[in-house]
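So you can see what is in the structure, the chains are spelled out below.
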Amino acid sequence: MADDSTKTKLLDDLEHGPWPSFVTEMKKASAASPAVNDLLGQLELSYEERKGHWKHGGIVGVRGYGGGVIGRYSDVPEQFPKVAHFHTMRVNQPAGWFYTSDALRTLADIWERHGSSLTNMHGSTGDIILLGTHSEQLEPTFKELTEAGFDLGGSGSAMRTPSACVGPARCEWACYDTLAVCYNLTLAYQDELHRPAFPYKFKIKCSGCPNDCVASIARADLSIIGTWKDDIRQDDQAVADYAQGGLNIQKEVCDHCPTKAMEWAGGRLTIANRECVRCMHCINVMPKSLRPGTETGATILIGAKAPIVQGALLSSVLVPFVPAAELEETLKELITRLWEFWDESGRPRERIGELIQRVGLATFLDAIGLDPVPEMVSAPRDNPYVFFKNE
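Read on for an overview of the structure.

**Quick look at the state of the cysteines**
Counted under the stated rule, the structure contains zero disulfides. In this model C175 remains outside any disulfide bridge; the closest cysteine sulfur is found in C209, 6.4 Å from its own. There is no disulfide at C254, and the cysteine sulfur nearest it, in C257, is 7.7 Å away.

Encoded structure:
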(Lines give C-alpha, C1' and ligand atoms only; values in the text may rest on other atoms or scores of the structure.)
Protein backbone atom coordinates (compact mmCIF):
# COMPACT_ATOMS: atom_id res chain seq x y z
CA MET A 1 0.00 0.00 0.00
CA ALA A 2 2.90 2.35 0.75
CA ASP A 3 4.10 1.88 -2.84
CA ASP A 4 0.84 3.12 -4.31
CA SER A 5 0.44 6.77 -3.40
CA THR A 6 -3.14 6.88 -4.62
CA LYS A 7 -4.09 4.61 -1.69
CA THR A 8 -2.65 6.97 0.91
CA LYS A 9 -3.52 10.30 -0.68
CA LEU A 10 -4.22 12.09 2.62
CA LEU A 11 -1.22 10.63 4.40
CA ASP A 12 1.05 11.61 1.52
CA ASP A 13 0.28 15.26 2.22
CA LEU A 14 2.00 14.85 5.59
CA GLU A 15 5.30 14.19 3.82
CA HIS A 16 5.41 17.71 2.42
CA GLY A 17 7.12 20.57 4.21
CA PRO A 18 10.42 21.03 6.05
CA TRP A 19 9.83 18.62 8.94
CA PRO A 20 10.54 14.85 9.15
CA SER A 21 7.38 12.81 8.59
CA PHE A 22 6.24 9.70 10.43
CA VAL A 23 4.51 8.67 7.19
CA THR A 24 7.86 8.48 5.39
CA GLU A 25 9.30 6.37 8.19
CA MET A 26 6.29 4.04 8.15
CA LYS A 27 6.64 3.56 4.40
CA LYS A 28 10.29 2.63 4.89
CA ALA A 29 9.32 0.15 7.62
CA SER A 30 6.72 -1.46 5.36
CA ALA A 31 9.54 -3.05 3.36
CA ALA A 32 10.39 -5.23 6.36
CA SER A 33 6.94 -5.50 7.94
CA PRO A 34 3.77 -6.26 5.94
CA ALA A 35 1.68 -5.18 8.95
CA VAL A 36 2.76 -1.58 8.36
CA ASN A 37 1.02 -1.60 4.96
CA ASP A 38 -2.27 -2.42 6.67
CA LEU A 39 -1.51 0.17 9.34
CA LEU A 40 -1.11 2.85 6.67
CA GLY A 41 -4.36 1.73 5.08
CA GLN A 42 -6.30 1.90 8.32
CA LEU A 43 -4.84 5.31 9.17
CA GLU A 44 -5.81 6.61 5.73
CA LEU A 45 -9.34 5.31 6.32
CA SER A 46 -9.44 7.13 9.67
CA TYR A 47 -8.43 10.36 7.95
CA GLU A 48 -11.07 9.88 5.26
CA GLU A 49 -13.87 9.12 7.72
CA ARG A 50 -12.60 11.37 10.50
CA LYS A 51 -13.03 8.50 12.88
CA GLY A 52 -10.56 6.39 14.82
CA HIS A 53 -10.64 2.67 14.06
CA TRP A 54 -8.86 1.34 17.13
CA LYS A 55 -10.82 -0.24 19.95
CA HIS A 56 -9.58 -1.08 23.41
CA GLY A 57 -11.22 -4.38 24.21
CA GLY A 58 -10.33 -7.16 26.64
CA ILE A 59 -7.36 -7.68 28.90
CA VAL A 60 -4.11 -8.68 27.25
CA GLY A 61 -0.66 -9.01 28.78
CA VAL A 62 2.15 -11.35 29.78
CA ARG A 63 1.96 -13.98 32.48
CA GLY A 64 2.49 -12.58 35.99
CA TYR A 65 2.30 -8.92 34.98
CA GLY A 66 -0.77 -6.72 35.15
CA GLY A 67 0.79 -3.86 33.21
CA GLY A 68 3.27 -3.11 30.47
CA VAL A 69 1.06 -4.10 27.53
CA ILE A 70 -1.63 -1.86 26.03
CA GLY A 71 -4.20 -3.94 24.20
CA ARG A 72 -5.32 -2.54 20.88
CA TYR A 73 -7.59 -4.08 18.25
CA SER A 74 -8.82 -2.87 14.87
CA ASP A 75 -12.58 -2.47 14.45
CA VAL A 76 -12.18 -3.17 10.70
CA PRO A 77 -10.11 -6.40 10.84
CA GLU A 78 -11.68 -7.75 7.66
CA GLN A 79 -10.16 -4.85 5.69
CA PHE A 80 -6.79 -4.83 7.45
CA PRO A 81 -6.19 -8.33 8.85
CA LYS A 82 -2.49 -7.78 9.62
CA VAL A 83 -3.39 -5.16 12.25
CA ALA A 84 -6.44 -6.97 13.63
CA HIS A 85 -4.29 -7.12 16.79
CA PHE A 86 -1.85 -4.24 17.26
CA HIS A 87 -0.78 -4.34 20.90
CA THR A 88 1.79 -1.90 22.28
CA MET A 89 4.52 -2.99 24.70
CA ARG A 90 6.16 -0.53 27.07
CA VAL A 91 9.75 -1.40 27.94
CA ASN A 92 11.52 0.06 30.97
CA GLN A 93 14.19 2.44 29.68
CA PRO A 94 17.64 2.73 31.26
CA ALA A 95 17.99 5.70 33.65
CA GLY A 96 18.85 8.81 31.69
CA TRP A 97 18.15 7.01 28.37
CA PHE A 98 21.71 5.79 27.93
CA TYR A 99 22.12 2.95 25.44
CA THR A 100 24.95 1.11 23.78
CA SER A 101 24.60 0.52 20.04
CA ASP A 102 24.51 -3.23 20.79
CA ALA A 103 21.53 -2.75 23.11
CA LEU A 104 19.64 -0.79 20.44
CA ARG A 105 20.36 -3.42 17.81
CA THR A 106 19.17 -6.14 20.19
CA LEU A 107 15.89 -4.31 20.77
CA ALA A 108 15.39 -3.74 17.04
CA ASP A 109 16.12 -7.38 16.20
CA ILE A 110 13.66 -8.67 18.81
CA TRP A 111 10.95 -6.34 17.58
CA GLU A 112 11.47 -7.20 13.91
CA ARG A 113 11.05 -10.89 14.76
CA HIS A 114 7.92 -10.47 16.85
CA GLY A 115 6.25 -7.16 16.00
CA SER A 116 5.67 -4.48 13.40
CA SER A 117 9.25 -3.12 13.73
CA LEU A 118 7.79 0.32 14.57
CA THR A 119 9.13 1.96 17.73
CA ASN A 120 8.70 5.23 19.60
CA MET A 121 11.85 6.39 21.37
CA HIS A 122 10.40 7.40 23.79
CA GLY A 123 6.88 7.56 25.14
CA SER A 124 5.84 10.56 27.23
CA THR A 125 6.37 8.57 30.43
CA GLY A 126 9.87 7.65 29.27
CA ASP A 127 9.45 4.04 28.19
CA ILE A 128 10.71 2.48 24.99
CA ILE A 129 7.49 1.98 23.02
CA LEU A 130 7.20 -1.09 20.79
CA LEU A 131 4.23 -0.40 18.53
CA GLY A 132 2.11 -3.24 17.25
CA THR A 133 2.19 -6.99 17.74
CA HIS A 134 -0.21 -9.95 17.79
CA SER A 135 -1.45 -11.55 20.99
CA GLU A 136 0.48 -14.78 20.35
CA GLN A 137 3.74 -12.84 20.11
CA LEU A 138 3.54 -11.17 23.53
CA GLU A 139 5.07 -14.01 25.55
CA PRO A 140 7.90 -14.74 23.06
CA THR A 141 8.74 -11.02 22.91
CA PHE A 142 8.75 -10.74 26.69
CA LYS A 143 10.98 -13.82 26.99
CA GLU A 144 13.58 -12.40 24.61
CA LEU A 145 13.47 -8.95 26.22
CA THR A 146 14.10 -10.33 29.70
CA GLU A 147 16.91 -12.57 28.43
CA ALA A 148 18.50 -9.45 26.95
CA GLY A 149 18.23 -7.62 30.30
CA PHE A 150 15.12 -5.52 29.64
CA ASP A 151 11.90 -5.42 31.64
CA LEU A 152 8.43 -4.11 30.87
CA GLY A 153 7.38 -0.67 32.06
CA GLY A 154 4.19 0.41 33.74
CA SER A 155 0.65 0.90 32.46
CA GLY A 156 -2.80 1.08 33.97
CA SER A 157 -3.51 2.07 37.57
CA ALA A 158 0.03 1.44 38.72
CA MET A 159 3.24 3.23 39.43
CA ARG A 160 4.50 4.18 35.99
CA THR A 161 8.08 3.74 34.88
CA PRO A 162 10.23 6.27 36.80
CA SER A 163 12.36 8.51 34.59
CA ALA A 164 15.34 10.79 35.13
CA CYS A 165 17.37 13.40 33.32
CA VAL A 166 21.01 12.60 32.47
CA GLY A 167 22.00 14.13 35.79
CA PRO A 168 25.65 14.01 36.89
CA ALA A 169 26.55 11.78 33.95
CA ARG A 170 26.48 14.71 31.50
CA CYS A 171 25.22 17.81 33.31
CA GLU A 172 27.24 20.13 35.52
CA TRP A 173 24.11 21.56 37.18
CA ALA A 174 22.91 18.28 38.72
CA CYS A 175 22.31 18.76 42.45
CA TYR A 176 21.83 15.05 43.21
CA ASP A 177 22.39 11.73 41.44
CA THR A 178 19.18 11.44 39.43
CA LEU A 179 20.29 8.18 37.78
CA ALA A 180 20.88 6.39 41.08
CA VAL A 181 17.62 7.61 42.63
CA CYS A 182 15.58 6.63 39.55
CA TYR A 183 17.22 3.19 39.33
CA ASN A 184 16.85 2.41 43.03
CA LEU A 185 13.21 3.52 43.18
CA THR A 186 12.46 1.36 40.12
CA LEU A 187 13.95 -1.68 41.83
CA ALA A 188 12.26 -0.90 45.17
CA TYR A 189 8.75 -0.70 43.69
CA GLN A 190 8.68 -3.54 41.15
CA ASP A 191 5.38 -4.91 42.49
CA GLU A 192 3.69 -1.52 42.23
CA LEU A 193 5.10 -1.11 38.72
CA HIS A 194 3.97 -4.47 37.33
CA ARG A 195 0.78 -5.23 39.25
CA PRO A 196 -1.72 -2.33 39.16
CA ALA A 197 -3.43 -1.81 42.50
CA PHE A 198 -3.86 1.97 42.78
CA PRO A 199 -6.85 4.25 42.20
CA TYR A 200 -5.03 5.49 39.08
CA LYS A 201 -1.53 6.08 37.67
CA PHE A 202 1.37 7.43 39.75
CA LYS A 203 4.44 8.95 38.04
CA ILE A 204 7.83 9.68 39.60
CA LYS A 205 10.29 11.88 37.69
CA CYS A 206 13.76 12.96 38.73
CA SER A 207 15.25 16.27 37.56
CA GLY A 208 18.74 17.16 38.68
CA CYS A 209 18.22 20.93 38.79
CA PRO A 210 15.43 23.52 38.48
CA ASN A 211 15.75 23.51 34.68
CA ASP A 212 13.62 20.34 35.04
CA CYS A 213 14.63 18.69 31.77
CA VAL A 214 12.14 15.82 32.26
CA ALA A 215 9.26 18.29 32.75
CA SER A 216 8.40 16.69 36.07
CA ILE A 217 6.58 19.78 37.35
CA ALA A 218 3.97 19.40 34.60
CA ARG A 219 3.66 15.60 34.45
CA ALA A 220 4.73 13.82 37.62
CA ASP A 221 2.61 12.94 40.63
CA LEU A 222 5.89 13.05 42.57
CA SER A 223 8.50 15.50 41.22
CA ILE A 224 12.05 15.36 42.60
CA ILE A 225 13.80 18.54 41.48
CA GLY A 226 17.40 19.24 42.43
CA THR A 227 18.20 22.51 44.16
CA TRP A 228 20.66 24.10 46.60
CA LYS A 229 20.29 25.69 50.02
CA ASP A 230 23.24 28.09 50.19
CA ASP A 231 24.30 30.98 47.96
CA ILE A 232 24.87 30.92 44.21
CA ARG A 233 28.61 30.59 43.53
CA GLN A 234 29.85 33.67 41.72
CA ASP A 235 33.04 34.41 39.76
CA ASP A 236 33.29 38.21 39.50
CA GLN A 237 36.01 38.14 36.85
CA ALA A 238 33.92 35.86 34.65
CA VAL A 239 30.97 38.24 35.09
CA ALA A 240 33.17 41.10 33.92
CA ASP A 241 34.28 39.01 30.94
CA TYR A 242 30.63 38.52 29.93
CA ALA A 243 30.04 42.28 30.15
CA GLN A 244 33.14 43.02 28.10
CA GLY A 245 32.03 40.44 25.56
CA GLY A 246 28.86 42.40 24.89
CA LEU A 247 26.30 40.80 27.21
CA ASN A 248 23.84 43.38 28.56
CA ILE A 249 23.72 42.02 32.09
CA GLN A 250 21.06 44.45 33.27
CA LYS A 251 18.69 43.69 30.39
CA GLU A 252 19.40 40.00 29.78
CA VAL A 253 19.95 38.87 33.37
CA CYS A 254 18.78 41.24 36.11
CA ASP A 255 15.58 42.37 34.41
CA HIS A 256 14.52 38.75 33.93
CA CYS A 257 15.02 37.77 37.58
CA PRO A 258 11.48 36.96 38.81
CA THR A 259 12.12 38.27 42.34
CA LYS A 260 14.45 41.14 41.33
CA ALA A 261 17.14 39.59 43.51
CA MET A 262 20.01 40.77 41.28
CA GLU A 263 21.57 44.18 40.81
CA TRP A 264 24.15 45.34 38.25
CA ALA A 265 25.80 48.58 39.32
CA GLY A 266 29.27 50.00 38.97
CA GLY A 267 30.42 47.04 36.93
CA ARG A 268 29.58 44.60 39.73
CA LEU A 269 26.81 42.02 40.05
CA THR A 270 25.27 41.52 43.49
CA ILE A 271 22.75 38.81 44.37
CA ALA A 272 20.33 38.93 47.30
CA ASN A 273 20.39 35.16 47.74
CA ARG A 274 17.64 35.19 50.38
CA GLU A 275 15.27 36.40 47.64
CA CYS A 276 16.43 33.86 45.01
CA VAL A 277 13.81 31.29 43.96
CA ARG A 278 16.30 29.07 42.06
CA CYS A 279 14.80 29.68 38.62
CA MET A 280 18.25 29.08 36.99
CA HIS A 281 17.85 31.90 34.44
CA CYS A 282 21.00 33.78 35.46
CA ILE A 283 23.03 30.55 35.61
CA ASN A 284 21.80 29.51 32.17
CA VAL A 285 22.76 32.89 30.65
CA MET A 286 26.15 33.14 32.38
CA PRO A 287 27.25 29.55 33.05
CA LYS A 288 30.95 30.48 33.29
CA SER A 289 30.37 32.94 36.11
CA LEU A 290 27.44 31.57 38.15
CA ARG A 291 26.88 28.08 39.51
CA PRO A 292 24.50 26.41 41.98
CA GLY A 293 25.65 26.39 45.59
CA THR A 294 27.45 23.51 47.26
CA GLU A 295 24.77 22.56 49.82
CA THR A 296 22.74 20.53 47.35
CA GLY A 297 19.67 18.33 47.54
CA ALA A 298 16.17 18.33 46.12
CA THR A 299 12.72 19.81 46.49
CA ILE A 300 9.91 17.25 46.50
CA LEU A 301 6.70 18.33 44.78
CA ILE A 302 3.32 16.63 44.48
CA GLY A 303 0.33 16.47 42.20
CA ALA A 304 1.01 17.25 38.52
CA LYS A 305 -1.08 15.77 35.72
CA ALA A 306 -2.38 16.40 32.21
CA PRO A 307 -6.04 17.33 31.60
CA ILE A 308 -8.08 14.12 31.42
CA VAL A 309 -10.97 14.00 33.90
CA GLN A 310 -10.27 17.49 35.23
CA GLY A 311 -7.95 20.27 34.09
CA ALA A 312 -4.16 20.19 34.06
CA LEU A 313 -2.25 20.63 37.33
CA LEU A 314 1.32 21.69 37.98
CA SER A 315 2.95 20.06 40.98
CA SER A 316 3.36 22.11 44.14
CA VAL A 317 5.95 21.98 46.90
CA LEU A 318 5.53 19.26 49.52
CA VAL A 319 9.02 19.14 51.08
CA PRO A 320 11.07 22.31 50.41
CA PHE A 321 14.52 20.78 50.79
CA VAL A 322 16.05 17.37 51.43
CA PRO A 323 19.85 17.03 51.50
CA ALA A 324 21.20 14.81 48.73
CA ALA A 325 22.57 12.24 51.21
CA GLU A 326 19.13 11.77 52.81
CA LEU A 327 17.05 11.90 49.66
CA GLU A 328 16.45 8.23 48.91
CA GLU A 329 15.51 7.30 52.48
CA THR A 330 13.20 10.31 52.76
CA LEU A 331 11.50 9.50 49.46
CA LYS A 332 10.72 5.91 50.44
CA GLU A 333 9.22 6.98 53.76
CA LEU A 334 7.18 9.72 52.10
CA ILE A 335 5.95 7.47 49.25
CA THR A 336 4.69 4.92 51.79
CA ARG A 337 2.63 7.59 53.56
CA LEU A 338 1.30 9.03 50.29
CA TRP A 339 0.19 5.68 48.93
CA GLU A 340 -1.50 4.60 52.16
CA PHE A 341 -3.71 7.70 52.19
CA TRP A 342 -4.33 7.64 48.44
CA ASP A 343 -5.27 3.94 48.51
CA GLU A 344 -7.74 4.55 51.31
CA SER A 345 -9.26 7.83 50.10
CA GLY A 346 -8.76 8.00 46.32
CA ARG A 347 -11.63 7.49 43.92
CA PRO A 348 -11.31 5.42 40.72
CA ARG A 349 -9.25 7.29 38.09
CA GLU A 350 -8.38 10.04 40.59
CA ARG A 351 -4.77 11.18 40.54
CA ILE A 352 -3.23 12.15 43.86
CA GLY A 353 -3.26 15.86 42.90
CA GLU A 354 -7.02 15.67 42.34
CA LEU A 355 -7.43 13.94 45.70
CA ILE A 356 -5.59 16.82 47.40
CA GLN A 357 -7.86 19.31 45.62
CA ARG A 358 -10.94 17.41 46.77
CA VAL A 359 -10.09 16.88 50.45
CA GLY A 360 -8.04 20.02 50.95
CA LEU A 361 -4.34 20.46 51.70
CA ALA A 362 -4.87 20.59 55.48
CA THR A 363 -6.59 17.19 55.55
CA PHE A 364 -3.95 15.73 53.25
CA LEU A 365 -1.01 16.99 55.32
CA ASP A 366 -2.61 15.74 58.52
CA ALA A 367 -3.12 12.30 56.97
CA ILE A 368 0.52 11.94 55.86
CA GLY A 369 1.96 13.50 59.02
CA LEU A 370 3.58 16.65 57.60
CA ASP A 371 3.40 20.10 59.14
CA PRO A 372 2.41 22.98 56.83
CA VAL A 373 5.19 25.36 55.79
CA PRO A 374 5.00 28.59 53.75
CA GLU A 375 6.66 26.98 50.72
CA MET A 376 3.55 24.84 50.23
CA VAL A 377 1.51 27.91 49.20
CA SER A 378 0.99 27.52 45.46
CA ALA A 379 -0.15 31.15 44.98
CA PRO A 380 -0.04 34.20 47.29
CA ARG A 381 -3.19 35.32 49.05
CA ASP A 382 -5.20 37.47 46.64
CA ASN A 383 -7.71 38.93 49.11
CA PRO A 384 -6.74 42.60 49.64
CA TYR A 385 -8.89 42.89 52.77
CA VAL A 386 -6.48 41.20 55.12
CA PHE A 387 -4.81 43.37 57.75
CA PHE A 388 -1.86 42.48 59.94
CA LYS A 389 -1.40 43.92 63.41
CA ASN A 390 2.00 45.07 64.57
CA GLU A 391 3.20 42.73 67.28
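Right, picking up where we left off after that structure.
**Structural notes on the sheet that holds strand β4 (residues 87–91)**
On the basis of which strands lie adjacent, the open sheet formed by four strands has the order β2-β4-β6-β5 and antiparallel pairing. Only two strands of the sheet have a single partner each, and these edge strands are β2 (69–70) and β5 (115–121). Pairing of β5 with strand β6 (residues 128–133), which is carried by five bridges, proceeds in the antiparallel orientation. The partner of T119 across the bridge, within β6, is L130. Contacting β4, β5 and β6, helix α4 (residues 101–114) runs over the sheet at an angle of about 140 degrees to β5.

**Topic: unusual backbone geometry**
For residues other than glycine, phi is negative in most cases, and the peptide bonds are mostly trans. Across the junction of M121 and H122, the peptide omega takes the value 15 degrees, indicating a cis bond. Take H122: it is sitting in the loop between β5 and β6. Even without a glycine there, the phi angle at M280 is positive, about 80 degrees. Note that M280 resides in the loop between β12 (268–271) and α11 (281–285). The exposure class assigned to M280 is buried, which follows from its relative accessible area of 2%.

**Focus on a nonpolar patch on the surface**
Together, L10, L14, F22 and Y47 make up an exposed nonpolar region whose accessible area comes to about 330 Å². Among the structural elements, L14 can be located in the loop between α1 (9–13) and α2 (22–29). Relative accessible area serves as the criterion here: at 36%, L14 is assigned to the partly exposed category.

**So, helix α3 (residues 34–49)**
Here α3 contains 16 residues, and its C-alpha end-to-end distance of 23 Å stays within 8% of the 22 Å for a straight helix at 1.5 Å per residue. In this structure, the buried residues of α3 make contact with α1, α2, β1 (54–55), β3 (73–74) and β5.

**Comments concerning the packing of aromatic side chains**
Summed over the entire model, instances satisfying the criterion amount to eight aromatic pairs. On the basis of an interplanar angle of 50 degrees and a centroid distance of 4.8 Å, the ring pair of F198 and W339 is categorised as tilted. Residue F198 is found in the loop between α7 (190–194) and β8 (204–207), and its partner W339 is found in helix α12 (residues 327–345); the two are separated by 141 residues along the sequence. Ring geometry for F198 and W342: centres 5.2 Å apart, planes at 55 degrees, overall tilted. You can see F198 sitting in the loop between α7 and β8 and its partner W342 sitting in helix α12, a full 144 residues away along the chain. Considered together, F198 and W342 belong to a single accessibility category, that of buried residues. Site record: aromatic cluster; members linked through ring pairs are Y189, F198, F202, W339 and W342.

Rules used throughout
Residues numbered from 1 in each chain as written. Predicted model: local features only at pLDDT ≥ 70, side-chain atom pairs only at ≥ 80, totals over all residues. Heavy atoms only, no water. Disulfide = S-S within 2.5 Å. Pairing = 2+ DSSP bridges. Helix = DSSP H or I, 4+ residues; strand = E, 2+ residues; numbered from the N terminus. Contact = heavy atoms within 4.5 Å. Axes fitted to C-alpha atoms, helices over the stretch in contact; angles between N-to-C directions. Buried < 20%, exposed > 50% of the residue type's maximum accessible area, 1.4 Å probe, protein only. Patch = residues over 30% accessible without salt bridge, like charges linked within 9 Å, V, L, I, M, F, W, Y side chains within 5 Å. Areas by Shrake-Rupley, 256 points an atom, 1.4 Å probe, with all protein chains shown as cover. Salt bridge = Lys/Arg side-chain N within 4 Å of Asp/Glu carboxyl O. Expected span 1.5 Å × (residues − 1). Phe/Tyr/Trp six-rings, centres within 6.5 Å; stacked < 30°, edge-to-face > 60°.

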